[in-house]
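Structural features, examined
Each chain, letter by letter, is given below.
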Amino acid sequence: MGKLLAVALVGIAAALAAERLLAFRNRLNASREIAPVSLPNCRLIKGIEAGSEDIDILPNGLAFISSGLKYPGIKSPAPDKPGELFLMDLNEDNPRAVELRISRGFDLASFNPHGISTYVDRDDTVYLFVVNHPHQKSTVELFKFVEDDNSLLHLKTIRHDLLTSVNDIVAMGPDSFYATNDHYFSDFILMFLEMFLGLTWSNVVYYSPKEVKEVAAGFYSANGINISPDRKYIYVADVLDHNVHVMEKHANWNLTHVKTLQLDTLVDNLSIDPHTGDIWTGCHPNGMKLFYNDPKNLPASEVLCIQNILSEEPVVTRVYADNGSVLQGSSVASVYKGKLLVGTVVHRALYCEL
C-alpha cells in the first residue's frame, strides 16, 4: 500500500510539473516564429552596443536612451561595463547617440539602468527618472538634465520596501511616479519559480515623498507603463500575459481597471505618441529565445502600433518585425515626427525614417 501511494504521489507530481512546463512555454511563446516586416529607411545606431532597453523622447525631439542592462537570466554582451545613458537629437538630419555625462558623486561602477521616464516642470526643468539595479537591487535615480553640456545632475536615490523588483516607471511630477514590479521576488531562483508556477504577484506602485502604495496587482509580470496624453489613463503591459491593461487614474492616485487588450506577443515597454495617443511598443515574439541566447536561433524583434485602444475595436499594426538577423530582442519603440527608434534589451538600437 505504501509503495502504491508513493507511485501515485510521484505520478501526480510529474503531471503537475508537465502542466506547469507547458504553461510556462506558452507564456514565453516558445513555439512562435514570425514573418519579417521591413522598413525601407533604417540603420543601426553607432555607439550603442550593449542594449537600449528603454527610450523616452521629449516634446522637443531629444531622446533619452538607457543602455547596458544586466538582467537575471539574460546574457549581457558587456557584463563588466557599467550602464550608460545616451541622448539623440531627432531634429538633426543624421542624428547620432551621445553619451550623457553624469555628475560626480554618483556610483557609476554599479550603474545598471532599466526603465526610464522624463518629466518637464512648469519652469521647463527636465527631470529624468531611471530605474537602477545596483548589485541586483532596485532603486530609482532622479537626475536633472543640463542641456548646455549634455550632462545629468544626480539629485537623489529613491529606495522603498514596495519597490522590490522595479522594471519600468512613468513620472507624475518632479518627485513622484508610478512603477511596475515585474516580480514579487528579487532573487533569481525565486523569480524563476514565480514565473514557472504562474503566480500573479506582480504589481504597480505609486510613489511620492508623502505616500507610497500599491495601486494595481494581479499581473504575471507587469512591465512597461505609460500615461495617455490627457493624463486620465495609465497603460500597463503584462509581458507574460501578452496584453496591455488600461487603468483609469483617480485624484488619489489609485487605479481602476477599464479594459485589457489581448495580443499574441510578449509586450515590453510602452511609448505614447503625444499627438495621436497611439501606443508604440517593442515586443518579444518568442521569449524563450531571449533567455536561451543561441547564436543559431536568435531572439526576434517586433514593433506594434496600437490605435484607439479605448474604443471597442482598437487597431493593432505590425510596423516592423525581424528574425534577429538585424535586431535582437526589441524592448521599446518610440516615434517623433516620422522618425522611429527601436531599442533592445541587450543588443543594438535601430533608427528608421517612416
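Here the structure is a predicted model, which means the values were calculated and not measured.

What counts, and where the lines are drawn
- Residues numbered from 1 in each chain as written.
- Predicted model: local features only at pLDDT ≥ 70, side-chain atom pairs only at ≥ 80, totals over all residues.
- Heavy atoms only, no water.
- Disulfide = S-S within 2.5 Å.
- Helix = DSSP H or I, 4+ residues; strand = E, 2+ residues; numbered from the N terminus.
- 1 Å grid on protein atoms, 1.4 Å probe; cavity = no way out; pocket = protein on both sides within 12 Å on 5 of 7 lines; lining within 4 Å.
- Points joined across faces, edges and corners; volume = space filled by probe spheres on them.
- Nonpolar A, V, L, I, M, F, W, Y, C, P; charged D, E, K, R; others polar.
- UniProt positions renumbered as here; feature names shortened; annotations may be inferred.
- Buried < 20%, exposed > 50% of the residue type's maximum accessible area, 1.4 Å probe, protein only.
- Contact = heavy atoms within 4.5 Å.
- Polar contact = N/O pair within 3.5 Å; in protein donor to acceptor, adjacent residues only side chain to side chain.
- Core = buried A, V, L, I, M, F, W, Y, C linked by side-chain atoms within 4.5 Å.
- Patch = residues over 30% accessible without salt bridge, like charges linked within 9 Å, V, L, I, M, F, W, Y side chains within 5 Å.
- Areas by Shrake-Rupley, 256 points an atom, 1.4 Å probe, with all protein chains shown as cover.
- Salt bridge = Lys/Arg side-chain N within 4 Å of Asp/Glu carboxyl O.
- Pairing = 2+ DSSP bridges.
- Axes fitted to C-alpha atoms, helices over the stretch in contact; angles between N-to-C directions.

This paragraph deals with the state of the cysteines. One pass over the full model with this rule turns up 1 disulfide. Sulfur-sulfur distance for the disulfide between Cys42 and Cys352 comes to 2.1 Å. The chirality of the disulfide connecting Cys42 with Cys352 is right-handed, given an S-S dihedral of about 110°. Note that Cys42 is positioned in strand S1 (residues 42-44) and Cys352 in strand S25 (residues 350-353), a separation of 310 residues in sequence.

Rolled over the atoms, a probe as big as a water molecule pinpoints where empty space is left. Applying the stated criterion across every chain, the model contains 4 cavities of 30 Å³ or more. Taken as a whole, the largest cavity encloses approximately 290 Å³ of empty space. Lining the largest cavity are 24 residues, with Tyr71, Ile74, Asn223, Val239 and Phe291 positioned closest to its centre. Breaking the lining of the largest cavity down by element, the ones donating at least two residues are helix H2 (188-196), strand S19 (266-272) and helix H3 (287-292). When its residues are assigned to classes, the lining of the largest cavity shows 14 nonpolar, 7 polar and 3 charged. Roughly 110 Å³ of volume is contained in the second largest cavity. Around the second largest cavity sit 13 residues that line it, and Pro72, His133, Gln136, Ser165 and Met191 are the ones nearest its centre. Each residue belonging to the lining of the second largest cavity can be placed in one class, and the counts come to 4 nonpolar, 7 polar and 2 charged.

UniProt tags His114 as "active site" (unreviewed entry). Along the chain, His114 turns up in strand S7 (residues 113-120). On the basis of relative accessibility, which here comes to 2%, the residue His114 falls in the buried class. Ignoring anything within four residues of it in the chain, the contact list for His114 reads Glu53, Asp54, Ser66, Leu69, Tyr71, Val131, His133, Val166, Asn167 and Asp182.

We now examine the environment of His154. Relative to the helices and strands, His154 is located in strand S10 (residues 151-158). Note: C-alpha distance between His154 and Asn60 (94 residues apart in sequence) is 22 Å. Apart from residues no more than four positions distant in its own chain, His154 is found in contact with Ser103, Phe106, Glu141, Leu142 and Phe143. Polar contacts involving the side chain of His154 include one to the main-chain carbonyl oxygen of Lys156, which spans 3.2 Å.

The next subject is the nonpolar core. Note on soluble globular proteins: their nonpolar side chains tend to be buried together. Judged by nonpolar contacts, the single largest core of 16 residues is most densely connected at Phe64, Leu85, Leu128, Phe143, Phe145 and Leu152. Among the elements of the structure, strand S3 (62-67), strand S4 (84-89), strand S8 (126-132) and strand S9 (139-146) are those that each provide at least two residues to this core. If one sorts the elements of this core by residue count, S8 sits on top with 3 residues. Excluding residues within four positions of it along the chain, Phe64 makes contact with Asp54, Ile55, Asp56, Leu58, Phe86, Leu87, Leu100, Ile116, Thr118, Val126, Leu128 and Phe145.

What follows concerns the layout of surface pockets. The space that makes up the largest pocket amounts to roughly 820 Å³. What lines the largest pocket is a set of 33 residues, among which Asp56, Ile57, Pro59, Ile272 and Pro274 lie closest to the centre. Counting only elements with at least two residues in the lining of the largest pocket, the list comes to strand S2 (54-57), S7, strand S11 (166-173), strand S15 (222-227), S19 and strand S23 (330-336). In this structure, the second largest pocket encloses a volume near 220 Å³.

Moving on to unusual backbone geometry. Phi at His135 takes a positive value of approximately 55°, unusual for a residue other than glycine. The backbone of Asn150 sits at a positive phi, close to 50°, despite the residue not being glycine. Following the sequence through the fold, Asn150 ends up in the loop between S9 and S10. The exposure class of Asn150 is partly exposed, given its relative accessible area of 27%.

Taken together, the side chains of Phe188, Ile189, Leu190, Phe192, Leu193 and Leu197 make up a nonpolar region of the molecular surface, amounting to roughly 530 Å² of accessible area. By relative accessible area, which is 36% here, Phe192 ends up partly exposed.

Moving on, we get to H2. Those residues of H2 that fall on the buried side of the exposure criterion are Met191, Glu194, Met195 and Phe196. For H2, the side-chain oxygen to backbone nitrogen distance between the N-cap and Ile189 is 3.1 Å, and the N-cap itself is Asp187.

Okay, the sheet that holds S23 next. Spatial ordering of the open sheet is given by S1-S25-S24-S23, a layout of 4 strands whose pairing is antiparallel. Of all strands in the sheet, those with a lone pairing partner are S1 and S23, marking the two edges. Sheet twist, expressed as the average angle between the axes of neighbouring strands with direction ignored, equals 20°. Across 6 bridges, S23 lies against strand S24 (residues 339-344) in antiparallel orientation. In the sheet register, Ala333 faces S24, and the bridge partner there is Val342.

Overall, the coordinates contain 10 salt bridges when judged by the stated rule. The residue Glu49 makes a salt bridge to Arg348 at a minimum N-O spacing of 3.4 Å. Of this pair, Glu49 sits in the loop between S1 and S2 while Arg348 sits in the loop between S24 and S25, and the two are 299 residues apart along the sequence. Residue classification places Arg348 among the buried positions, given a relative accessible area of 18%. One connected set of salt bridges, linked through shared partners, spans Arg32, Asp264, Glu302 and Arg318.

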